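In case you want the letters, here they are:
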Amino acid sequence: MLRKNKTLIFKYFLNLINGAFLVLGLLLMGFGAWLLLDRNNFFTALDENNHLIAYIFRILIGTGSASVLLCLLGYLGIHNEIRWLLILYAVLLMWAFGVQVVLSALILTKKEEVHQIWHDKIDSVISEYGSKDLPEDIPKWTILNALQKRLQCCGQKNYTDWMKNKNKENSEQVPCSCTNSTLRKWFCDEPLNATYLEGCENKINTWYHTNALTLIGINFGLLASEVLQFSLTVSFFRHIKNRIYAEK
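The sections below set out a description of the structure shown in this document. (Residues numbered from 1 in each chain as written. Predicted model: local features only at pLDDT ≥ 70, side-chain atom pairs only at ≥ 80, totals over all residues. Heavy atoms only, no water.)

1. So, helix 5 (residues 138-151)
Stage number 1. For helix 5, which comprises 14 residues, the first-to-last C-alpha distance of 20 Å matches the rise-based estimate of 20 Å (1.5 Å per residue) to within 8%.
Stage number 2. Residues of helix 5 that are buried: Lys-140, Trp-141, Ile-143, Leu-144, Asn-145, Leu-147 and Gln-148. (Helix = DSSP H or I, 4+ residues; strand = E, 2+ residues; numbered from the N terminus. Expected span 1.5 Å × (residues − 1). Buried < 20%, exposed > 50% of the residue type's maximum accessible area, 1.4 Å probe, protein only.)

2. A closer look at the pattern of salt bridges
Stage number 1. Here the structure, examined in full by the defined rule, presents two salt bridges.
Stage number 2. In this structure, Glu-201 engages Lys-157 in a salt bridge whose closest nitrogen and oxygen atoms are separated by 3.0 Å. Pair noted here: Glu-201 is in helix 6 (residues 201-247) and Lys-157 is in the loop between helix 5 and strand 1 (174-175), with a separation of 44 residues, a long-range link.
Stage number 3. Among the residues examined, Glu-201 registers a relative accessible area of 12% and is labelled buried.
Stage number 4. For Lys-157, a relative accessible area of 54% corresponds to the exposed category.
Stage number 5. A salt bridge links Glu-198 to Lys-203, with the nearest nitrogen and oxygen atoms 3.9 Å apart.
Stage number 6. Exposure remark for Glu-198: the relative accessible area of 42% places this residue in the partly exposed category. (Salt bridge = Lys/Arg side-chain N within 4 Å of Asp/Glu carboxyl O.)

3. What about the environment of Ser-104?
Stage number 1. Within the element layout of this structure, Ser-104 appears in helix 4 (residues 83-128).
Stage number 2. Along the backbone, Ser-104 and Asn-219 are 115 residues apart, and their C-alpha atoms lie at a distance of 6.7 Å.
Stage number 3. If we ignore the near neighbours within four places in the chain, the residues touching Ser-104 are Asn-219 and Leu-223. (Contact = heavy atoms within 4.5 Å.)

4. A short note on empty space enclosed by the protein
The probe, sized like a water molecule, is rolled over the atoms to show the empty space still left.
Stage number 1. With the rule as written, the count across this model stands at three cavities of 30 Å³ or more.
Stage number 2. Here the second largest cavity defines a volume of roughly 50 Å³.
Stage number 3. Ile-122, Ile-126, Leu-144, Leu-147, Gln-148, Gly-155, Gln-156, Cys-200, Glu-201 and Ile-204 together form the lining of the second largest cavity.
Stage number 4. Where the lining of the second largest cavity is concerned, the elements lending two or more residues are helix 4, helix 5 and helix 6.
Stage number 5. The element contributing the most residues to the lining of the second largest cavity is helix 5, with three residues.
Stage number 6. Its residues assigned to classes, the lining of the second largest cavity shows six nonpolar, three polar and one charged. (1 Å grid on protein atoms, 1.4 Å probe; cavity = no way out; pocket = protein on both sides within 12 Å on 5 of 7 lines; lining within 4 Å. Points joined across faces, edges and corners; volume = space filled by probe spheres on them. Nonpolar A, V, L, I, M, F, W, Y, C, P; charged D, E, K, R; others polar.)

Printed below as a string of structure tokens:
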């Protein structure tokens, strides 16, 4: 009776941690898929040539998907008490742990590089915004407009960044998204008191660092659950092995 209770306790805690591991894996996969597939994602739109950001998002999706499959494998091994499946599960947990460590290091080391990529690209988009010779860049301009309107900001540092744009009818114009105007055109003539004076850089930085920290938090949550699950899986395997020998 005592052995049976011990087995049930092991299964309860293993399935509990496995469930948390599953949720974190789904979060990681969903986070990566949202960032990669969202058409209004400014970072993806700006990364069309470098591909670094897209690669990181795909790694997130792959890691999250692998975590979900690993959880399902673990559930089968735990529920049915299949020893070879538990061994495979423990080995794959350690493999996943190594991948998570590499992913965490990649996020930390590439964070500033990603930041610099979109920083430089925004300057480029501001310079080319509204050009009749670059109709293929309209999606970028549309996303920038949505960003400025939603965050109520203008330019990168401030509204004066738009002075370097050569596609305006006059030097005083700013994008309509920098103002309270509802006109659907690239540039508007609006007084200064109707223009957003603050730049978007600080607001985008806040958004970026918040999401980066969220991503790192999910990753470290996965790392902690993998270590705990590995320890419990090894203990559960030994318990099953001892119980089988005791029943002989």
